[in-house]
Amino acid sequence: MAKLKVFATHGLFEAARKILQKDCEVEYWAKAGRPPREEVLQRVKDKDGLICLLTEKINEELLRAAPKLRIAANVAVGFDNIDVAACTKRGVAATNTPGVLDETTADFAWTLMMAVARRLSEGEALARSGNWKNWDLDQLVGTDVWGKTLGIVGFGRIGRAVARRASGFQMKVIYTDAVRAAEGVEKELKAEFRDMNTLLAEADFVSLHVPLLPETRGLFGAEKFSRMKPTAFLINTSRGPVVQEAALVAALESGELAGAGLDVYENEPLIHAGLKRANVVLAPHIASASLETRTKMACMAAENVLALFKGERPPNILNPEVLKTT
């Protein structure tokens, strides 16, 4: 029996390759950088499966170019790059990789929080420059994290993991979400529910953990920033378009905010020039970038593909209704 054909838009880790190699003939993108759109459209023409990253748009154009496609497996928890409705219409299963990156992403939200509060980027640059001459009492003084109020916007798995870490810093944890958490969850995490405006007024650090949806696109703009403390910091490890970058720059320049720690951007990989300032810590979308976690993500995507090809339900299917027709 001929192996089913798969195109992977990245090389993947060896553990994921081993999952696929027995039953699939996989063509991996091996060149530097992301594959150009024209290349992706050409490669998927005869493929049964596609393993992709957030950088690939899985839309009507691609689906038309891939008449044999049965599954698009995203190596990411977010799937705003996939037109799930279009996939469903054409009987293509869409999958993601939730759960495995929660703790790693929460770690990195804390990395950004600590770094911007304690002016780590500025200190590291000074230490490397050769211009550091001596210790001084008020040199690069930052802000304490310990004992402050942490406001979490979006209290799903990652938001709750961030809250869990706050106990070690004896922080007050407040959160807002479209759906209030169960009383037991609030008690366990010592987290108090607030409406958005109250959270913004109280929090010393506001950490974003919402998916990119029509209602969250541009969620944080001038009006939200005006409600935050001038001593507060914004942390974003969710999705770039949740924040209006021009408004964030204006708030930072006017002193409405003390600083920001960002891993994602509105027009990624472009970064607004006004964000390249001393009181903003910038990272290139690496919140889940531990070897352990990224390997698990790749393996999960491979397992989703293999399950569908074996006639089983992919563990992380986004549109299970297509299984009736695949």
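Structure report, in brief. (Residues numbered from 1 in each chain as written. Predicted model: local features only at pLDDT ≥ 70, side-chain atom pairs only at ≥ 80, totals over all residues. Heavy atoms only, no water.)

**With respect to the overall build of the protein**
Argument step 1. Looking only at helices and strands, the protein has 12 helices and 12 strands in total.
Argument step 2. Against the globule reference of 20 Å for 326 residues, the protein gives a C-alpha radius of gyration of 22 Å, in line with a compact fold.
Argument step 3. Overall size of the protein, expressed as C-alpha extent along the three principal axes, is 75 × 50 × 30 Å.
Argument step 4. Carbon and sulfur atoms form 54% of the exposed surface of the protein, whose accessible area is close to 15900 Å². (Helix = DSSP H or I, 4+ residues; strand = E, 2+ residues; numbered from the N terminus. Rg over C-alpha atoms; globule rule 2.2 N^0.38 Å. Areas by Shrake-Rupley, 256 points an atom, 1.4 Å probe, with all protein chains shown as cover.)

**A word on the pairing of strand E3 (residues 49-52)**
Argument step 1. Both faces of E3 are covered, namely the face carrying Gly49 and Ile51 and the face carrying Leu50 and Cys52.
Argument step 2. Here four bridges tie E3 to strand E4 (residues 71-74), and the two strands are oriented parallel to one another. In the strand pairing of E4, Cys52 is matched with Asn74. (Buried < 20%, exposed > 50% of the residue type's maximum accessible area, 1.4 Å probe, protein only. Pairing = 2+ DSSP bridges.)

**Brief notes about the sheet that holds strand E8 (residues 191-193)**
Argument step 1. Judged by pairing direction, the sheet is parallel, and its seven strands sit side by side in the order E8-E7-E6-E9-E10-E11-E12 without closing on themselves. A single partner strand is all that each edge strand has here, and the edge strands are E8 and strand E12 (280-282). The mean inter-strand angle of the sheet, taken between neighbouring strand axes irrespective of direction, is 20 degrees.
Argument step 2. Bridge count between strand E6 (residues 149-153) and strand E9 (residues 205-208): four bridges; the pairing is parallel. Across the sheet, residue Gly151 finds its bridge partner in E9, namely Val206. (Axes fitted to C-alpha atoms, helices over the stretch in contact; angles between N-to-C directions.)

**Digging into the pattern of salt bridges**
Argument step 1. Applying the stated criterion to the full structure yields 21 salt bridges.
Argument step 2. Residues joined by salt bridges that share partners form a network here, namely Lys5, Glu27, Glu39, Arg43, Asp46 and Lys47. (Salt bridge = Lys/Arg side-chain N within 4 Å of Asp/Glu carboxyl O.)

**Quick word on a nonpolar patch on the surface**
Argument step 1. Side chains of Trp132, Trp135 and Leu137 sit close together on the surface and give an oily, nonpolar patch of about 450 Å² of accessible area.
Argument step 2. As for its placement among the helices and strands, Trp135 is situated in the loop between helix H6 (120-129) and E6.
Argument step 3. Residue class for Trp135 comes out exposed when judged on its relative accessible area of 63%. (Patch = residues over 30% accessible without salt bridge, like charges linked within 9 Å, V, L, I, M, F, W, Y side chains within 5 Å.)

**Considering the sheet that holds strand E2 (residues 24-28)**
Sheet strands pair via backbone hydrogen bonds, and the direction of the pair is either parallel or antiparallel.
Argument step 1. One open sheet accounts for five strands, arranged E2-E1-E3-E4-E5; its pairing is parallel. The two strands at the open ends of the sheet, each matched to only one other strand, are E2 and strand E5 (93-95). On average, adjacent strands in this sheet sit at an angle of 15 degrees to one another, irrespective of strand direction.
Argument step 2. Packed on one face of the sheet, helix H1 (residues 14-21) meets E2 and E3 and runs near 140 degrees to E2.
Argument step 3. Helix-sheet contacts for helix H12 (residues 291-309) involve strand E1 (4-8), E2, E3, E4 and E5, and the interaxial angle to E4 is about 160 degrees. (Contact = heavy atoms within 4.5 Å.)

**Considering the side chain of Asn96**
Argument step 1. Along the chain, Asn96 turns up in the loop between E5 and helix H5 (102-117).
Argument step 2. Excluding residues that lie within four positions of it along the chain, Asn96 makes contacts with Asn74, Ala76, Val77, Phe79, Met300, Asn304, Asn316 and Leu318.

**Concerning H12**
Since the α-helix turns once every 3.6 residues, residues separated by three or four places project in the same direction.
Argument step 1. Compared with the 27 Å implied by 1.5 Å per residue over 19 residues, the 27 Å span of H12 between its first and last C-alpha is a close match.
Argument step 2. Of all 19 residues in H12, 14 are buried, a share of seventy percent or more. (Expected span 1.5 Å × (residues − 1).)

**A short note on unusual backbone geometry**
Argument step 1. For the peptide bond that leads from Glu268 to Pro269, omega is 10 degrees, which places it in the cis range.
Argument step 2. Along the chain, Pro269 turns up in the loop between strand E11 (259-262) and E12.
Argument step 3. Although it is not a glycine, Leu12 adopts a positive phi angle of roughly 65 degrees.
Argument step 4. Topologically, Leu12 is positioned in the loop between E1 and H1.
Argument step 5. Take Leu12: its relative accessible area is 15%, and that puts it in the buried class.

**Some words on the side chain of Asp263**
Argument step 1. Mapped onto the elements of the fold, Asp263 is located in the loop between E11 and E12.
Argument step 2. In this structure Asp263 is buried but unpaired, with Arg294 as the nearest side chain of opposite charge at 6.6 Å. (Lys, Arg positive; Asp, Glu negative; His and termini not counted.)

**Let's talk about the packing of H1 against H12**
Argument step 1. Two elements in contact, H1 and H12, have axes whose closest approach is 8 Å; the angle formed by their N-to-C orientations is 10 degrees. In terms of their interaxial angle, H1 and H12 are classed as roughly parallel. Each of Ala15, Ala16, Ile19 and Leu20 in H1 lies in contact with H12, whose residues at this interface are Thr295, Ala298, Cys299, Ala302, Glu303, Val305 and Leu306.
Argument step 2. Considering only residue class, the contact of H1 with H12 consists of nine nonpolar, one polar and one charged. (Parallel < 35°, antiparallel > 145°, perpendicular 65-115°, else oblique. Nonpolar A, V, L, I, M, F, W, Y, C, P; charged D, E, K, R; others polar.)

**Quick notes on the layout of surface pockets**
Argument step 1. A volume near 170 Å³ is recorded for the second largest pocket.
Argument step 2. Taken together, 16 residues form the lining of the second largest pocket, with Val116, Arg119, Glu122, Phe233 and Asn279 sitting closest to its centre.
Argument step 3. Looking at the lining of the second largest pocket, the elements with two or more residues in it are H5, H6 and E12.
Argument step 4. When grouped by side-chain class, the residues that make up the lining of the second largest pocket number 10 nonpolar, four polar and two charged. (1 Å grid on protein atoms, 1.4 Å probe; cavity = no way out; pocket = protein on both sides within 12 Å on 5 of 7 lines; lining within 4 Å. Points joined across faces, edges and corners; volume = space filled by probe spheres on them.)

**What about the packing of aromatic side chains?**
Argument step 1. Following the criterion strictly, the structure yields five aromatic pairs and no others.
Argument step 2. Measuring from ring centre to ring centre gives 5.4 Å for Phe205 and Phe233, while their planes differ by 15 degrees; the resulting arrangement is stacked. Placement of the pair is Phe205 in strand E9 and Phe233 in strand E10 (residues 233-236), with a sequence separation of 28 residues. Exposure class is identical for Phe205 and Phe233. Each is buried.
Argument step 3. When the ring of Phe220 is compared with that of Phe225, the centres are 6.2 Å apart and the planes differ by 55 degrees; the resulting orientation is tilted.
Argument step 4. Through a chain of ring-to-ring contacts, three or more aromatic side chains come together here, namely Phe155, Tyr175 and Phe193.
Argument step 5. Geometry around Tyr28 places Arg17 over its ring, the cationic atom sitting 3.8 Å from the centre. (Phe/Tyr/Trp six-rings, centres within 6.5 Å; stacked < 30°, edge-to-face > 60°. Lys NZ or Arg CZ within 6 Å of the ring centre and 35° of its normal.)

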